[in-house]
Amino acid sequence: MSENTAYAPAAPANSRSRVMFASLVGTTIEFYDFYVYATAAVLVFPHLFFPPGNETTALLASFAIFGAAMVARPLGAVFFGHLGDKIGRKNTLIYALLTMGIATFLIGVLPTYHAIGWWAPLLLVIMRLAQGFAIGGEWSGAALVATENAPPGKRALFGTFPQLGAPLGFIIANGLFLIVAAALPSDNPSRPSEAFLDWGWRIPFLFSAVMVVIGLWIRLNLVESTPFTKAINTGKVVKLPLGAVVRNNWRELILGTFYMLATYVLFYLMTTFSLSYGRAPVEPGAGQLSGLGYSYNDFVLMLIFGVVFFGIFTLVSGPLADRWGRRRTLILVTLGIIAFSLLWVPLLSMGFVGVMLWLVLGFSLMGMTFGPMGALLPELFPTNVRYTGSGISYNVSSILGAAVAPFVAVWLWGIGSGSPFLVGVYLAAMGTLTLLALIIGKETAHVDMNN
């Protein structure tokens, strides 16, 4: 069967409910897999995959492997972007989902440092790179499924559904870890129980296999989007999408990368770093940094409560970006992120109420900045390089933002002798770079995505 026949105009269109569900469920599964690792990077891996000794050193090493996935994400964006712009969005998304699911499942069966020595962190790095490679191709494809099938005037709203997978995946991943931790309680609030470290932590990773089967069933029922079908039938598909997008859309690649910078830094500070800071003892021992002193179970419940606001404001941001435009909405939200970053110490010094307010504000801003990106980044690029262009911008930003954010945050936390003030300054600096990119950029709400 020829490509033109495979994407004939007579093919049935995706219903709105199918588009929303497919883009939401797929990214939920992918982000679940990604956040299962992020939680284990704080809770489990420093104890099991590195030599015993200094806890801060082990945590930094765990975060370094966590950041390795961000390096692989642009490679995944190029690889899956090439497939997505050549053979279509549907099949490419299936390949990305399978790659992520297999890597996550294999992490759940890895032997630890005590069993095989340095082979354990090496294998963990390989699996983490595979996770990053997969999610590098997932997000842009899901965003394209949503926005290329959206009705007129509602692209930002439809673009929030793949974005909603991030808070949902976080809640499911951490909720499952919380259930396992509650079933295997620890007497030490700063360390999981021995049963949890022996086998309990593996359950969330193995559960990924069930979710992948569900995601595959949903995505197999999709049909190709109208803009890509048109590109195929009119001969607009390019031989090398990467070369075309770098040659013709380099400005958009740079702007898109910096559009996402504050979003990435904010999210990984509010999740990965905050889990370390929240669980660190108020009176630290040797090799430790001072923190808020909450138990794992208590702080994860607090995080999940905050992430609910992430989800709510992700959905709220879509209609606002459709009404006001992506650029104006994000400029206002980024100014809010900069202001919030300078309030960390006052809020966190107010006890439980202040910590909860910090979490709610941070995650609400996260939803407001993350939601419009599902439409904004795809709108920057023409159909025949859209998968590649949006994926590269989204994932190169992960190196500048997410890959180094937890590592830099722990370093600044140490320089500040346990104070998070410098971590907040770091967020403000990244927010300023995003603000400058938004000021330079143009509005994209009225772009015709069929061209």
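Residues numbered from 1 in each chain as written. Predicted model: local features only at pLDDT ≥ 70, side-chain atom pairs only at ≥ 80, totals over all residues. Heavy atoms only, no water.

**Re the pattern of salt bridges**
No. 1: As enumerated under the stated definition, the model contains 6 salt bridges in all.
No. 2: Among the salt bridges present, the one from glutamate 379 reaches arginine 326, with a minimum N-O distance of 2.6 Å. Separated by 53 residues along the polypeptide, glutamate 379 in helix 19 (residues 373-379) and arginine 326 in helix 16 (residues 326-341) bring together distant segments of the chain. When sorted by exposure, glutamate 379 lands in the same class as arginine 326, which is buried.
No. 3: In this structure, a network of salt bridges that share partners links the residues Asp85, Arg89, Glu148 and Arg386. (Salt bridge = Lys/Arg side-chain N within 4 Å of Asp/Glu carboxyl O. Helix = DSSP H or I, 4+ residues; strand = E, 2+ residues; numbered from the N terminus. Buried < 20%, exposed > 50% of the residue type's maximum accessible area, 1.4 Å probe, protein only.)

**As for the packing of helix 14 (residues 261-279) against helix 21 (residues 405-415)**
Helix-helix packing: each pair is described by the crossing angle between the helix axes and the interaxial distance.
No. 1: Two elements in contact, helix 14 and helix 21, have axes whose closest approach is 9 Å; the angle formed by their N-to-C orientations is 50°. Judged by the angle between their axes, helix 14 and helix 21 are oblique. For the pair helix 14 and helix 21, the sense of crossing is right-handed. Counting all contacts with helix 14, which are made through Val265, Tyr268, Leu269, Thr272, Phe273, Ser276 and Tyr277, the residues of helix 21 involved are Ala405, Pro406, Ala409, Val410 and Trp413.
No. 2: Broken down by class, the residue content of the contact of helix 14 with helix 21 amounts to 10 nonpolar, 2 polar and no charged. (Axes fitted to C-alpha atoms, helices over the stretch in contact; angles between N-to-C directions. Parallel < 35°, antiparallel > 145°, perpendicular 65-115°, else oblique. Left-handed = near helix turned anticlockwise from the far one by under 90°. Contact = heavy atoms within 4.5 Å. Nonpolar A, V, L, I, M, F, W, Y, C, P; charged D, E, K, R; others polar.)

**Quick notes on a nonpolar patch on the surface**
No. 1: Together, Leu98, Ile102, Phe105, Leu106, Val109 and Leu206 make up an exposed nonpolar region whose accessible area comes to about 470 Å².
No. 2: The element contributing the most residues to the nonpolar patch is helix 5 (residues 89-107), with 4 residues.
No. 3: In this structure, leucine 206 sits in helix 10 (residues 202-220).
No. 4: With relative accessibility at 32%, the residue leucine 206 sits in the partly exposed group. (Patch = residues over 30% accessible without salt bridge, like charges linked within 9 Å, V, L, I, M, F, W, Y side chains within 5 Å. Areas by Shrake-Rupley, 256 points an atom, 1.4 Å probe, with all protein chains shown as cover.)

**Quick notes on the confidence of the model for the chain**
Detailed reading of the predicted coordinates is not advisable wherever pLDDT is low.
No. 1: Summarising the model, the chain shows a mean pLDDT of 87, and 95% of its residues fall at 70 or more.
No. 2: Note on residues 1-12: pLDDT is under 50 here. Beyond four places in sequence and across chains, it has 15 contacts. (pLDDT = per-residue confidence, 0-100.)

**Points about the side chain of threonine 263**
No. 1: Here threonine 263 lies in helix 14.
No. 2: For threonine 263, a relative accessible area of 1% gives the class buried.
No. 3: Apart from the residues lying within four places of it in its own chain, the contact partners of threonine 263 are Met366, Thr369, Phe370 and Met373.

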